[in-house]
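A look at the structure
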Amino acid sequence: MQIRPAELAAIRAGDIDVAFRRWDRPRVRVGTRMRTAVGLVEVTSLDRVAVSSLSAADARRAGAASLAALRQGLDRVRPDRPVYRIGLRYAGADPRQALRESIPDPAEIDEIIRWLDRLDRASATGPWTRATLLLIDELPAVRAPDLAQRMGRDTPAFKQNVRKLKERGLTESLDIGYRLSARGAAVLDHEGHRRPVPRGPAPEPGIPLPHLGAAAPRALTARGAVSSERVAELSEAEVRALHGVGPYALQHLRAAMDAAGLAFRAD
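Residues numbered from 1 in each chain as written. Predicted model: local features only at pLDDT ≥ 70, side-chain atom pairs only at ≥ 80, totals over all residues. Heavy atoms only, no water.

Contact geometry of helix 6 (residues 129-138) with helix 7 (residues 144-151) gives a least axis separation of 11 Å together with a crossing angle of 130°. Of the possible angle classes, the one that applies to helix 6 and helix 7 is oblique. For the crossing formed where helix 6 meets helix 7, the hand is right-handed. Residue-level inspection shows Ala131, Thr132, Leu135, Ile136 and Glu138 of helix 6 in contact with helix 7, the latter providing Leu147, Arg150 and Met151. In terms of residue class, the contact of helix 6 with helix 7 is built from 5 nonpolar, 1 polar and 2 charged. (Axes fitted to C-alpha atoms, helices over the stretch in contact; angles between N-to-C directions. Helix = DSSP H or I, 4+ residues; strand = E, 2+ residues; numbered from the N terminus. Parallel < 35°, antiparallel > 145°, perpendicular 65-115°, else oblique. Left-handed = near helix turned anticlockwise from the far one by under 90°. Contact = heavy atoms within 4.5 Å. Nonpolar A, V, L, I, M, F, W, Y, C, P; charged D, E, K, R; others polar.)

Laid out in structure tokens, this is it:
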């Protein structure tokens, strides 16, 4: 189920708790927890409804500008399909975030290595796990198609493999490309792989910036705001004035800082 970034931020804030979709059949189940850019979003209800039964309250709960706007939006795409009302709620942070930041103990590393070995043995195209981890370590923030080409794989298959590593907290998705997590680095170090020498200063400690697209992180980094704590040293007006920081990025920054108990510096 696709949810726009602005709607995800509103779900986390509690301003949106329902969505409407035209589907040929239900595409989610009640109780499903979807991993999104803002964390886990849980499906709390699922009902087939008639467009004529929708109300102004439904529109407000879905974040639509008006009942007319909600109906028009539903009529623009596949109007022949039935409408489903999906109840939604923010269900907390993605547990993979804490996982990828944790350093595994020796027993955990051994279990991870056995799991990686099983993936390699089951692959019809040969071992891939360590090569993928090492490539992401060497080339962070590089487009997936470019990494896939380096691996001699098609992009969908490469992304599917990276998702498997991400589930175990070994990699992290960026706005563009990926990077190796602390957990993934510990596994490679344990096995004695030759890893690239870090370029530049060590990563800034603190809460990482949320996913903001490509331009906003560059603008913030150029200003020295490489973590949420550093962004909190700036006023909202200063951040808004940065080239590349638009309404989308500003909304996500505000939501991420609020979740972390931070705020822009008062003017």
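What follows concerns helix 9 (residues 182-191). Within the sequence span of helix 9, burial applies to Arg183, Gly184, Ala185, Ala186, Val187 and Leu188. Summarising the contacts, the buried residues of helix 9 are in contact with helix 4 (95-101), helix 5 (106-122), helix 6 and strand 6 (178-180). Phi for Gly192, located one or two positions after helix 9, is positive at around 80°. (Buried < 20%, exposed > 50% of the residue type's maximum accessible area, 1.4 Å probe, protein only.)

This part takes up the layout of surface pockets. Size it by volume and the second largest pocket reaches roughly 750 Å³. Taken together, 28 residues form the lining of the second largest pocket, with Arg4, Glu7, Phe20, Arg21 and Leu74 sitting closest to its centre. For the lining of the second largest pocket, a count of residues per class yields 18 nonpolar, 3 polar and 7 charged. (1 Å grid on protein atoms, 1.4 Å probe; cavity = no way out; pocket = protein on both sides within 12 Å on 5 of 7 lines; lining within 4 Å. Points joined across faces, edges and corners; volume = space filled by probe spheres on them.)

So, on to the nonpolar core. In terms of nonpolar packing, the biggest core is built from 17 residues, with Leu212, Leu220, Val231, Val239, Val245, Leu253 and Phe264 touching the most fellow members. Those elements giving two or more residues to this core turn out to be helix 10 (215-222) and helix 13 (247-259). Element by element, the count of residues in this core is highest for helix 13, at 4 residues. Here Leu253 is in contact with Leu209, Pro210, Leu212, Leu220, Val231, Val239 and Phe264, once residues within four sequence places are set aside. By size, the runner-up hydrophobic cluster in this structure holds 15 residues, among which are Leu8, Ala10, Ile16 and Leu88. (Core = buried A, V, L, I, M, F, W, Y, C linked by side-chain atoms within 4.5 Å.)

A few words now on the sheet that holds strand 3 (residues 39-49). Strand order in the open sheet formed by 4 strands is 1-4-3-2, with antiparallel pairing between adjacent strands. In this open sheet, the two edge strands, each paired with only one partner strand, are strand 1 (18-22) and strand 2 (33-36). With direction set aside, neighbouring strand axes in the sheet form an average angle of 35°. Against the sheet, helix 1 (residues 5-13) makes contact with strand 1, strand 2, strand 3 and strand 4 (83-90), and its axis sits at roughly 55° relative to strand 4, the strand it touches most. Helix 3 (residues 67-76) contacts strand 1 and strand 4 of the sheet and is inclined by roughly 35° relative to strand 1. (Pairing = 2+ DSSP bridges.)

On to the pairing of strand 4. Examined bridge by bridge, strand 1 and strand 4 share 5 bridges and lie antiparallel to one another. Directly across from Phe20, in strand 4, lies its bridge partner Arg85. Alignment of strand 3 against strand 4, held across 8 bridges, turns out to be antiparallel. By the bridge assignment, Val41 is partnered in strand 4 with Tyr90.

Attention now moves to the pattern of salt bridges. On inspection of all chains with the given rule, the structure shows 25 salt bridges. Salt-bridge contacts for Arg35 lead to Glu167; the nearest nitrogen and oxygen are separated by 3.1 Å. Taken together, the residues span a long stretch of sequence, with Arg35 in strand 2 and Glu167 in helix 8 (residues 155-167) at a distance of 132 residues. On the accessibility criterion, Arg35 (42% relative accessible area) is partly exposed. By sharing partners, the salt bridges in this structure join Asp117, Asp120, Arg130 and Glu191 into a single network. (Salt bridge = Lys/Arg side-chain N within 4 Å of Asp/Glu carboxyl O.)

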